[in-house]
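Observations on the three-dimensional arrangement
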Amino acid sequence: MSKPHIFKLLAIDDDPQTLTLISDALGDEGLEILTAENPEAGFEIFQQVRPRIVLLDLLMPGVSGMDVLKRIIGSDPGANVIVISGHYSAESAMEAIQQGACDYLTKPLDFQRLRHRIASFLAEAEIRRRTLLLDQELVRACQFEGIVSRSPLMLDVFARIRRVAPHFKTVLINGATGTGKELVARALHRLSSASPGRLVACNCSALVESLVESELFGYVKGAFTGAIQDRAGLFENAGGGVIFLDEIGDLSLGAQAKLLRVLQDHHVRRVGSSISRSVDVRVIAATNRDLRKMVRDGEFREDLYYRLAVVEITLPPLTNRREDLPLLERYFVERFATEYKKPISGLSRRAQGLMATYPWPGNIRELENVVGNACMMVEGRFIDTNDLPERLRTPFTGDSVLDEDLLSLDEVQKRHIMRVLSRVGGNRRRAAEILGLGRATIYQLLSRMKLEGKDASA
């Protein structure tokens, strides 16, 4: 049988007699009592031991107790701090509560009240412990092939994946950037009869126009300068399995015609060869663009669209499944806490509130990036607002329009690019067209602005 967890209590007071009274009065409460007569020494003990409860004298020589309170809460917003003062003041009491204190007691201490308050902390800690276990069970229960959700919208997606996976030949996955299209593709592959075969991924937006055919279908020795040996293309490499064509909307019309021919004939011909090779491969295409509109605008072949969209799966943005936000936060905190070997329990209420109001234009991928970065930066057990990126702490809203007169040109540019990216679902190519920039330029801007451009535009 495991030993019960012993909670630590730290008392910081420059009066040795008060510390002795606290130790004697609370010694039988199942607590490990730590004391410090010096505020600096007390804060050092706090950082080393991370006690759940702190009794802090407000008036001490040298350092203000209020300053120590701010440092403690700033270091660990989950700490329960009770401020003690020899002289009651409504102003100081309100300030202490606003700075994060849980209670405000006056000397001489009412130990009966103090015991009752500590008992409530311990009860709350037990509730949090049980809630954490339930949250962990919920995360495990709400996973489907590596996708975490309990949203009715996503449960419909899961049901569709189950029905489609055993039978599909081609599937089109629609969804904004960062909604998890590749995860859906992997789920379809794992649940299909092609699962023993490979899943070969191709980012269509990264294909150079002059090399699309050789990348997809391969080439023979001597087909062009540099072709020093025969090479199979991605379709042949995926033989017996699945090829995942991500960002299919970025293929040129010429490349679309070549792809259509392969989907119709199930044969590929390497560049420079006159021999066709049969390929048995399932095709999953994904896009964050509106292919129907592209068909109407003449930017995407109608026959290819209908060939790909035999089955369509559409993923909702995170804003339409906000009930998943706490679940996803818990999932990513657990994952990164394990990866970084840090004892992170979760997010503070302030951080949860901030994340709940953020629009998440980069969807799940942006949330993963934010939580991962916060887990790397946090020093305490709880992620607080200061551990989150500045854009979450000062998000753009309609109320901030008046402030743009006082912003730097760099900040105005940053906000405008983010708004455009959000409106086009994170599509780099479309955003570059609207902004009048080259795609390489917008990559550089996103990287320089430290907006996680790598993730937000993938």
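Everything below is about the structure printed above this text.
All values reported here derive from a predicted model rather than from experimental measurement.

This brings us to the overall build of the chain. For the chain, the helix and strand inventory stands at 20 helices and 18 strands. Out of the 458 residues in the chain, the part that is buried amounts to 47%. Within the chain, contacts between residues at least 6 apart in sequence are counted, and of these 69% link residues at least 24 apart.

As a volume, the largest pocket reaches approximately 1400 Å³. For the largest pocket, the lining is made up of 46 residues, of which Gly-78, Arg-128, Ser-345, Arg-381 and Phe-382 are closest to its centre. Within the residue set of the lining of the largest pocket, elements represented by two or more residues are β1 (7-12), α5 (111-141), α13 (325-340), β17 (346-347) and α14 (349-357). By residue class, the composition of the lining of the largest pocket is 20 nonpolar, 11 polar and 15 charged.

Moving on, we get to the side chain of Ser-149. Mapped onto the elements, Ser-149 comes out in the loop between β7 (147-148) and α6 (152-164). Note on Ser-149: relative accessible area 2%, which makes it buried. Separated by 3.1 Å, the side chain of Ser-149 and the backbone nitrogen of Ser-151 make a polar contact. At a separation of 2.4 Å, a polar atom in the side chain of Ser-149 contacts the side chain of Asp-324.

Of the residues making up α14, those classed as buried are Ala-351, Leu-354 and Met-355. Buried positions in α14, seen along its axis, are confined to an arc of 95 degrees and lie on one side of it. In α14, the exposed residues that point more than 90 degrees away from the buried face are Arg-349 and Thr-357. The inward-facing, buried residues of α14 abut α13, β17, α15 (363-377), β18 (382-383) and α16 (390-393).

Attention now goes to the sheet that holds strand β16 (residues 312-314). Overall, parallel pairing links the five strands, which are arranged β9-β12-β15-β8-β16 in an open sheet. Edge positions in the open sheet fall to β9 (199-203) and β16, since each of these has one partner strand only. Averaged over neighbouring strand pairs, the angle between their axes works out to 20 degrees when direction is ignored. On top of the sheet, helix α7 (residues 181-191) reaches β8 (170-174), β9, β12 (242-246), β15 (282-287) and β16; it is set at about 155 degrees to β8, its chief contact.

Spatially, β2-β1-β3-β4-β5 is the arrangement adopted by the five strands of the open sheet, whose pairing is parallel. Pairing within the sheet leaves two strands with one partner each, and these edge strands are β2 (31-36) and β5 (103-106). Here the strands of the sheet are splayed against their neighbours by 20 degrees on average, with no regard to which way each runs. Bridge count for β1 against strand β3 (residues 53-57) is four bridges, and the pairing is parallel. Across the sheet, the residue bridging to Leu-9 is Ile-53, located in β3.

With an omega of -5 degrees, the peptide bond running from Lys-107 to Pro-108 counts as cis. Residue placement: Pro-108 occurs in the loop between β5 and α5. Not every positive phi belongs to a glycine, and Lys-341 is a case in point at roughly 55 degrees. Structurally, Lys-341 can be placed in the loop between α13 and β17. One non-glycine residue, Trp-360, adopts positive backbone phi at about 55 degrees. Here Trp-360 lies in the loop between α14 and α15.

Applying the stated criterion to the full structure yields 18 salt bridges. Where Arg-186 meets Glu-182, a salt bridge forms, and the shortest distance between an N and an O atom there is 2.7 Å. You can see Arg-186 and its partner Glu-182 sitting in helix α7, four residues apart, about one turn around the helix. Accessibility expressed as a relative area gives 35% for Glu-182, which makes it partly exposed. Salt bridges here are not isolated pairs; linked through shared partners, they connect Asp-13, Asp-57 and Lys-107.

Of all five residues making up β12, five are buried, and the element is well covered by its neighbours. Alignment of β9 against β12, held across five bridges, turns out to be parallel. Bridge pairing in β12 places Leu-199 opposite Val-242. Direction of pairing for β12 relative to β15: parallel, over a ladder of four bridges. The residue of β15 that forms the bridge with Leu-245 is Ala-285.

How each quantity is defined
Residues numbered from 1 in each chain as written. Predicted model: local features only at pLDDT ≥ 70, side-chain atom pairs only at ≥ 80, totals over all residues. Heavy atoms only, no water. Helix = DSSP H or I, 4+ residues; strand = E, 2+ residues; numbered from the N terminus. Buried < 20%, exposed > 50% of the residue type's maximum accessible area, 1.4 Å probe, protein only. Contact = heavy atoms within 4.5 Å. 1 Å grid on protein atoms, 1.4 Å probe; cavity = no way out; pocket = protein on both sides within 12 Å on 5 of 7 lines; lining within 4 Å. Points joined across faces, edges and corners; volume = space filled by probe spheres on them. Nonpolar A, V, L, I, M, F, W, Y, C, P; charged D, E, K, R; others polar. Polar contact = N/O pair within 3.5 Å; in protein donor to acceptor, adjacent residues only side chain to side chain. Arc of directions from axis to C-beta. Pairing = 2+ DSSP bridges. Axes fitted to C-alpha atoms, helices over the stretch in contact; angles between N-to-C directions. Salt bridge = Lys/Arg side-chain N within 4 Å of Asp/Glu carboxyl O.

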